[in-house]
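Coordinate analysis (summary)
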Amino acid sequence: FGNLRDVPAATVSDGIARCLPQALGSTPVLYRAGCTDLSFDEAWLLRLAAAAEREDADSFSFLLRSRVVPMHRRNMGFLAAELARLSSAAADRGA
């Protein structure tokens with residue numbers, strides 16, 4: 001994807017889900033939708049997305065470096081930032 005402006009958020013989130021095991025170097029724990037519990041991996045992803053959305057580069061970089069293996073940081077960072085941007089744009093539109 002050279003330009004993700006027209007790519008749906010679901011496609012970006014699917015990309016994150018597919019590369020997450022390699023990026024973390026282990027299988028992430030992700031609970032079913034609707035589950036009231038939150039796994040460590042899910043909490044980390046939410047913190048990463050929140051840092052991207054508020055444009056907190058220091059926290060975003062720290063979170064990536066704390067869990068993502070070096071060779072996957074750039075791609076995971078790009079996907080997480082893009083998902084945060086798409087989510088924020090959807091919220092602004094009231095979608």
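About the criteria used
Numbers given for residues are sequential positions, taken from 1 along each chain in its written order. Confidence filtering applies because this is a predicted model: local features only for residues at pLDDT of at least 70, side-chain atom pairs given and counted only at 80 or more, and all residues used for totals across whole chains, interfaces and linings. Calculated side-chain values reflect all of the structure's heavy atoms, with hydrogen atoms and water omitted. Helix numbering and strand numbering both begin at the N terminus, where a helix is a DSSP run of H or I of at least 4 residues and a strand a DSSP run of E of at least 2. Partly exposed describes any residue whose relative accessible area lies between the buried limit of under 20% and the exposed limit of over 50%, with all areas from a 1.4 Å probe on protein chains only and scaled to the type maximum. By definition in these notes, contact holds between two residues if any of their heavy atoms fall within 4.5 Å. For this analysis, a salt bridge means a side-chain nitrogen from Lys or Arg found within 4 Å of a carboxyl oxygen belonging to Asp or Glu.

**Considering the overall build of the protein chain**
Per the secondary structure count, the protein chain includes four helices and zero strands. Scanning the protein chain from its N terminus toward the C terminus, one meets helices and strands in the order α-α-α-α. Buried residues in the protein chain amount to 32% of all 95 residues. Here the contacts in the protein chain between residues at least 6 apart in sequence split such that 52% fall between residues at least 24 apart.

**Regarding unusual backbone geometry**
Backbone geometry places Glu55, a non-glycine residue, at a positive phi of 60 degrees. If you trace the backbone, Glu55 turns up in the loop between α2 (40–53) and α3 (57–67). Residue Glu55 is classed as exposed on the basis of its relative accessible area of 72%.

**Comments concerning the pattern of salt bridges**
Overall, the coordinates contain three salt bridges when judged by the stated rule. Residue Asp41 pairs with Arg67 through a salt bridge whose shortest N-O separation is 2.6 Å. Here Asp41, found in helix α2, pairs with Arg67, found in helix α3; they are 26 residues apart in sequence, far enough to count as distant. Glu82 is paired through a salt bridge with Arg85; the nearest N and O atoms lie 2.5 Å apart. Residue Glu82 and its partner Arg85 are located together in helix α4 (residues 73–93), separated by three residues, close to a single helical turn. Under the relative-accessibility criterion, Glu82 is labelled buried at 10%. Overall, the relative accessible area of 28% leaves Arg85 in the partly exposed class.

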